[in-house]
Amino acid sequence: MPGHLRDYFVVLPDSAAGAAVAGRLPVRESTGRSAAQESTGPAVAGGDGLTVLHPSGRPWVVARTAFREVSHLRRGDDALVLIGPDRVPESVLAGLLEGAHDRAGLERRLARRPGLHHVIARLSGQTWIRGTASGLRRIYHARHPEAGTIASDRPAVLARLIDAPLDDGALALRMLDFLPHPLSRRVVWRGVHETGAGYGLALPVAAPGTAAVPGPAEYRWWEPPAPELPLAEGARALGEAIAASVRAHVGGHDRISCELSGGLDSTALTFAARATGPRRLSLLTVAARDRYSEDETWARRAVELARQDDHPKQSAPDRQDHGSTAAGRSSATGGRPAAAGRPADPGRPADPGRPAGPERDADPDQEHRVIPADDAPYFYADLASCAAELNDEPLPVAPGRARAELLLGRARATGSRYHLTGYGGDELFLGLPHAYQDLFHGNPFTAWNHLGGLRHQLGWPLLPTVKALLNRSSFPRWLAGAVTAEAQPVARTPLLSWGVRQSLRPWFTELANSLIVEEFRAAAEHAEPIDPWRGRHVDIDAVRMGARHFQAMEDIGTTIGLPVAAPFYDDRVLEATLAVRLPDRISPWRYKPLLVEAMRGVVPDALLARTTKDHMSSDEHQGMREHGPELAGLWTGSRLAERGLVDDRQLLRLAAEPFSPVLVEHSISSTVAGETWLRTAENAWPTAPSRSDRTSPLTRTSEAIL
């Protein structure tokens, strides 16, 4: 059954029609664990979720979450609901709600906490809902024919409730590799709308003395900070934000796991996770097929350094797959105090069998499992498994689903209760070349010096680089021409504009091409950039794109019963990064300098010295060869072709020619994602039960209060 049935919430109007909608919500399929709920005030716990009530007694927030915690507090007619990775204690909720008389007051208080939650609030008669600035948590809304405006974190739920058809224009857009702002907000169902990241949705109420309910209104609640902090100060703030985000996800959990790829991002989170004091920490590394890969070497080095000067509970060497090494906390962390004896979060329920208080060992049992390269599926393996989840939209990470499921399955087999990944690190800390446009305005000599180093590394010709640097085209003008039928050179092209120009694929039909071009043209007529500065616009858009793609990993975790997190997508981490001066944050001569300085004293210096990064392009090309028959089966009876968006005959030919120059020049991953998503969407909903069968505890509660 699709993943969206396992984890979602909806926000309903205070009306009999809104209560009736609650009774028609899809039932959440069990994942073997129910999220704990912090609920203070009127709320009803059903067999498959929690319902927070309006003052009238009708359902307000219906949350059917698999792992996310729902924290709720009501004081009179004011109420606050936070939905996120950690349970927020009543005392904290009270401190947020009491004294906050309006939206701005509440936001100032929320800014002191990790930015990981959906926020649903009612203050002084006003109701609003928002996600996160990073785009990891999003908000959608639709107009129900009887109930009016309803909101949710999953567009598929709204689409079902209003019986929305698919939108071919939005589907065609998803066949591109990158969907820039604001087109990324185009929902694939007609009548369902996404509220932009950094914006909230003010939900309407009936005017006094009337039954008329206006439409919802968006408001901006987040602005990126000015890039003013020097490296040392900014690194300190970033380190604190990363530590707080990791604690919010795994603090108090007895057994956790981390993906330790060997890269800087995953290594940083591994050592940050150790500081939360779990009893058992499982580290997983997928060995690479490329004999020149360095990731496994660095991963093993991280494990060895974590073991030094520690008190290991066993001394078995690393071995393939189920082999493990155990180590306690490392003193190679530069002397930072460990979290010895740290009391559990009073707001989080203890893991079963977990010792409480001082009996808890401060040094975690640490095991390192290396998954052999031959165990890891190539890309495009087991595409039929994509039917296990219906993401909010087609995501180009779908061809790698089998690899992700393998890793998360192995993590769950260790007994892990929460899994951390380093997703988001590249988008935040590498620094995209577009940022030098911003630096050029205030400090042209420094910008040109840095850009010169980057130009020589990337092979950018001098004159095209100067031309791109001096280009002052507006964002709407760039957006209108951001897609073309011409092939785009992959290398030696200066990237200093508002984004990446993309080519329409040869297998797209004329209908698909016309839809895509028209979508870009129409959006350009009224488009405004995320930020007036090009570099900041591109940086924030890249983070939000990555956060959107990470949903696929979260949904796979929900399917197999293991919550998965990417702490770098925390709003506080994003803000801490953007607050640092550009020449300190990015450099052609240093690898991720801000993250390196932020983790100094937490991660051993020897690991912070890494300056290389592995890639997996060979696995993708080999995957097309290994799974050509599976791809051919995908294009046989193609749903995209039935909608007139792709030429299935050309795709069938390419499935038989995996090393075709066409596939070297044009990626097929987004088209594969669109096809697998459509096949899942057409079978997403179970047969609707009769009215007499809809008698879940939540439904009975909703009907009883009418």
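Quick notes on the rules
Residues numbered from 1 in each chain as written. Predicted model: local features only at pLDDT ≥ 70, side-chain atom pairs only at ≥ 80, totals over all residues. Heavy atoms only, no water. Helix = DSSP H or I, 4+ residues; strand = E, 2+ residues; numbered from the N terminus. Buried < 20%, exposed > 50% of the residue type's maximum accessible area, 1.4 Å probe, protein only. Contact = heavy atoms within 4.5 Å. Areas by Shrake-Rupley, 256 points an atom, 1.4 Å probe, with all protein chains shown as cover. Polar contact = N/O pair within 3.5 Å; in protein donor to acceptor, adjacent residues only side chain to side chain. Core = buried A, V, L, I, M, F, W, Y, C linked by side-chain atoms within 4.5 Å. Pairing = 2+ DSSP bridges. Axes fitted to C-alpha atoms, helices over the stretch in contact; angles between N-to-C directions. Arc of directions from axis to C-beta. Phe/Tyr/Trp six-rings, centres within 6.5 Å; stacked < 30°, edge-to-face > 60°. pLDDT = per-residue confidence, 0-100. Parallel < 35°, antiparallel > 145°, perpendicular 65-115°, else oblique. Left-handed = near helix turned anticlockwise from the far one by under 90°. Nonpolar A, V, L, I, M, F, W, Y, C, P; charged D, E, K, R; others polar.

Trainee: Help me understand the overall build of the protein in this model?
Mentor: For the protein, the helix and strand inventory stands at 27 helices and 21 strands. Buried residues in the protein amount to 58% of all 706 residues. Taking all contacts inside the protein whose residues are at least 6 apart in sequence as the whole, residues at least 24 apart take part in 73%. By element, 53% of the accessible surface of the protein is carried by carbon and sulfur atoms, the whole surface being about 27500 Å².

Trainee: So what exactly am I meant to see when it comes to helix α17 (residues 571-578) here?
Mentor: One turn of an α-helix holds 3.6 residues; hence residues three or four places apart share an orientation. Buried residues dominate α17, accounting for eight of its eight residues. For α17, the set of buried residues is D571, R572, V573, L574, E575, A576, T577 and L578. Where α17 is buried, its residues contact α3 (103-110), α6 (231-250), α10 (425-429), α16 (534-560), α18 (582-585) and α19 (593-598). Two to three positions downstream of the cap, the backbone nitrogen of R572 sits 2.8 Å from a side-chain oxygen, assigning the N-cap of α17 to D570.

Trainee: Please explain the nonpolar core as it appears in this structure.
Mentor: Side chains of nonpolar character tend, in soluble globular proteins, to be buried together. In terms of nonpolar packing, the biggest core is built from 85 residues, with L80, L106, I242 and M599 touching the most fellow members. If near-sequence neighbours (up to four positions away) are discounted, L106 is found in contact with L80, L96, A100, A121, L123 and W128. Counting 67 residues, the second-largest nonpolar core is a separate cluster that includes A147, F475, A523 and I668.

Trainee: Would you explain the pairing of strand β9 (residues 126-130) in this entry?
Mentor: Look at any regular strand and the pattern is simple: side chains alternate between the two faces of the sheet. Of all five residues making up β9, four are buried, and the element is well covered by its neighbours. Sheet topology note: the strand β8 (residues 118-123)/β9 ladder contains five bridges and is antiparallel. If you follow A121 over to β9, its bridge partner there is W128. Count of turn residues in the β8/β9 antiparallel hairpin: two residues, of which S124 carries a positive phi of about 50 degrees.

Trainee: What is the right way to look at the sheet that holds strand β16 (residues 280-286) in this model?
Mentor: Hydrogen bonds between backbone groups are what pair the strands of a sheet, and the pairing can be parallel or antiparallel. The five strands are arranged β17-β16-β15-β18-β21 in an open sheet whose pairing can be described as parallel. The sheet is open, and its two edges are formed by β17 (365-371) and β21 (564-565), each paired on a single side. Strand direction decides the pairing type here: strand β15 (residues 255-259) and strand β18 (residues 419-420), joined by two bridges, are parallel. From the neighbouring strand, S257 faces β18, where its bridge partner is H419. Together, β15, β16, β17 and β18 form the strand contacts of helix α7 (residues 264-274), whose direction differs from that of β15 by roughly 165 degrees.

Trainee: Is there a simple way to explain helix α2 (residues 90-97) in this structure?
Mentor: Every buried residue of α2 is accounted for by L93, A94, L96 and L97. Down the axis, α2 shows its buried residues gathered within 160 degrees of arc, on one side only. Phi turns positive one or two residues past the end of α2, at G99, with a value near 90 degrees.

Trainee: It is not clear to me how the packing of aromatic side chains should be interpreted in this structure. Could you clarify?
Mentor: Here the distance between the centres and the angle between the planes together describe a pair of aromatic rings. For the structure shown, the criterion picks out seven aromatic pairs. Ring centres of F475 and W498 lie 5.5 Å apart, and the angle between their planes is 65 degrees; this geometry places the pair in the edge-to-face category. One end of the pair, F475, is in helix α14 (residues 475-480); the other, W498, is in the loop between β19 (483-484) and β20 (502-503), with 23 residues separating them in the sequence. Take F475 and W498: they sit in the same class, and that class is buried.

Trainee: Sorry, what's going on with the confidence of the model for the protein here?
Mentor: Close inspection of predicted coordinates is inappropriate in any region flagged by low pLDDT. Of all residues in the protein, 83% attain a pLDDT of 70 or more, and the chain-wide mean is 85. Every residue in residues 31-40 scores below 50 in pLDDT, and together they form 39 contacts with partners more than four places removed in sequence or on other chains.

Trainee: Help me out: how do you make sense of the environment of E259 in this one?
Mentor: Mapping E259 onto the fold places it in strand β15. Sequence-wise, E259 and Y423 are 164 residues apart; in three dimensions their C-alpha atoms are separated by 9.9 Å. Ignoring anything within four residues of it in the chain, the contact list for E259 reads S266, L284, L407, H419, L420, T421 and Y423.

Trainee: In this structure, what is going on with the packing of helix α22 (residues 628-635) against helix α26 (residues 669-682)? I would like to understand it.
Mentor: Between two packed helices, what matters for the description is the angle formed by their axes and the separation of those axes. Running from N to C, α22 and α26 point in directions that differ by 55 degrees, and their axes come no closer than 11 Å. The angle between α22 and α26 falls in the class oblique. At the point where α22 passes α26, the crossing takes the left-handed sense. Here L631, G633, L634 and W635 of α22 come into contact with α26, specifically with T671, V672, E675, T676 and R679. For the contact of α22 with α26, the per-class residue count stands at four nonpolar, three polar and two charged.

Trainee: Is there a simple way to think about the packing of helix α11 (residues 435-442) against helix α13 (residues 462-470) in this case?
Mentor: Direction vectors running N to C along α11 and α13 enclose 70 degrees, while the axes themselves pass 10 Å from each other. Compared by their axis directions, α11 and α13 come out roughly perpendicular. In this structure, α11 contributes Y436, Q437 and F440 to the contact, and α13 contributes A468, L469 and L470. Classifying every residue of the contact of α11 with α13 gives five nonpolar, one polar and no charged.

Trainee: Would you explain the side chain of R64 in this entry?
Mentor: Mapped onto the elements, R64 comes out in strand β5 (residues 59-64). A distance of 3.4 Å separates the side chain of R64 from the backbone oxygen of L25, its partner in a polar contact.

Trainee: What should I look at first to understand unusual backbone geometry in this one?
Mentor: For residues other than glycine, phi is negative in most cases, and the peptide bonds are mostly trans. For the bond running from H181 to P182, omega is 0 degrees, close enough to zero to count as cis. Here P182 shows up in the loop between α5 (168-173) and β12 (192-195). If you check the backbone angles, D163 has positive phi at about 55 degrees while not being a glycine. You can see D163 is positioned in the loop between α4 (155-162) and α5. Since its relative accessible area comes to 67%, D163 is described here as exposed. The phi angle at K592 is positive, at roughly 45 degrees, despite the residue not being glycine. Tracing the backbone through its elements, the reader meets K592 in the loop between α18 and α19.

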